Each structure stands twice: as structure tokens, then as C-alpha cells.
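Observations on the three-dimensional arrangement
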Amino acid sequence: MKLNVDREADALYLRLDDSEIVESEEVSPGVVLDYNEAKEVVGVELLHLSKRSSDLNLSALEFETF
């Protein structure tokens, strides 16, 4: 799993695996899902990241495992 934050594009991308992306769909304004050949979600992109939270601090990402 890989997480990429692109400050210039104001986007966050979460890649779940390395399978080939064959289709993408914007499921909500600024939320794009990438699918592989088996129609499984393999990537999630959030656009306009700075507009989604007024106190967003990209330098301090937190990860939680339950």
C-alpha cells in the first residue's frame, strides 16, 4: 500500500496494490476510484485536498492500525 500527497496538484492518492488500472470513476466530486480488471478498487484519489479541511497539515499524517 502506498500513500502519495501531491501538494502542487492538491491531491492525495492511496494505492492499494500494484495491479493494472483499467478503469477510473469519479464517485463523488473530487473522489476518484481506480479499478483493476477484476473490478476491485485498487486506488483512491482525493482532489482539492486543502478545501476538504481548513486545518489540514500534510506534514503530520497519522496512521492507525486496529
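A brief structural summary. Along each chain, the written sequence defines residue order, and numbers are assigned to residues from 1. This being a predicted model, a pLDDT of at least 70 is required before a residue's local features are given, and a value of 80 or more before pairs of side-chain atoms are given or counted; all residues contribute to the totals for chains, interfaces and linings. Note that water and hydrogens are dropped before the side-chain values are worked out from all heavy atoms of the structure.

1. Points about the overall build of the protein
What counts here: Helix and strand assignments come from DSSP, with helices taken as H or I runs of at least 4 residues and strands as E runs of at least 2, each series counted from the N terminus. Exposure categories follow from relative accessible area, calculated using a 1.4 Å probe and restricted to protein chains: below 20% of the type maximum is buried, above 50% is exposed, and the middle band is partly exposed. In this description, contact between two residues means that some pair of their heavy atoms is separated by no more than 4.5 Å. In short, Shrake-Rupley with a 1.4 Å probe defines the accessible areas, and a residue's cover is counted only from the protein chains shown. Residues scored as positive are Lys and Arg, those scored as negative are Asp and Glu, and His as well as the terminal groups of each chain are ignored. Lys charges are placed at NZ, Arg charges at CZ, Asp charges at CG and Glu charges at CD.
Looking only at helices and strands, one finds one helix and five strands in the protein. The linear arrangement of helices and strands in the protein, starting from the amino end, is β-β-β-β-β-α. In terms of principal-axis extent, the alpha carbons of the protein reach across some 35 × 30 × 20 Å. Out of the 66 residues in the protein, the part that is buried amounts to 23%. Taking the contacts inside the protein whose residues are at least 6 apart along the sequence as the reference set, 31% of them involve residues at least 24 apart. Roughly 5200 Å² of accessible area belongs to the protein as shown, and the carbon and sulfur atoms make up 49% of that amount. Mean positive and mean negative side-chain charge positions of the protein (6 and 16 charges, respectively) differ by 3 Å.

2. A look at the pairing of strand β5 (residues 41-47)
Applied cut-off: One requirement defines pairing of two strands: DSSP has to find at least two bridges between them.
Two strands pair when backbone bridges link them, and strand β2 (residues 11-15) and β5 are joined in this way by five bridges, in the antiparallel orientation. When the sheet's bridge partners are listed, R15 is paired in β5 with G43.

3. Remarks on the environment of K39
Assignment of secondary structure puts K39 in the loop between β4 (31-35) and β5. When its relative accessible area of 55% is taken as the criterion, K39 is described as exposed. Sequence spacing of K39 and Y13 is 26 residues, and the spatial spacing of their C-alpha atoms is 18 Å.

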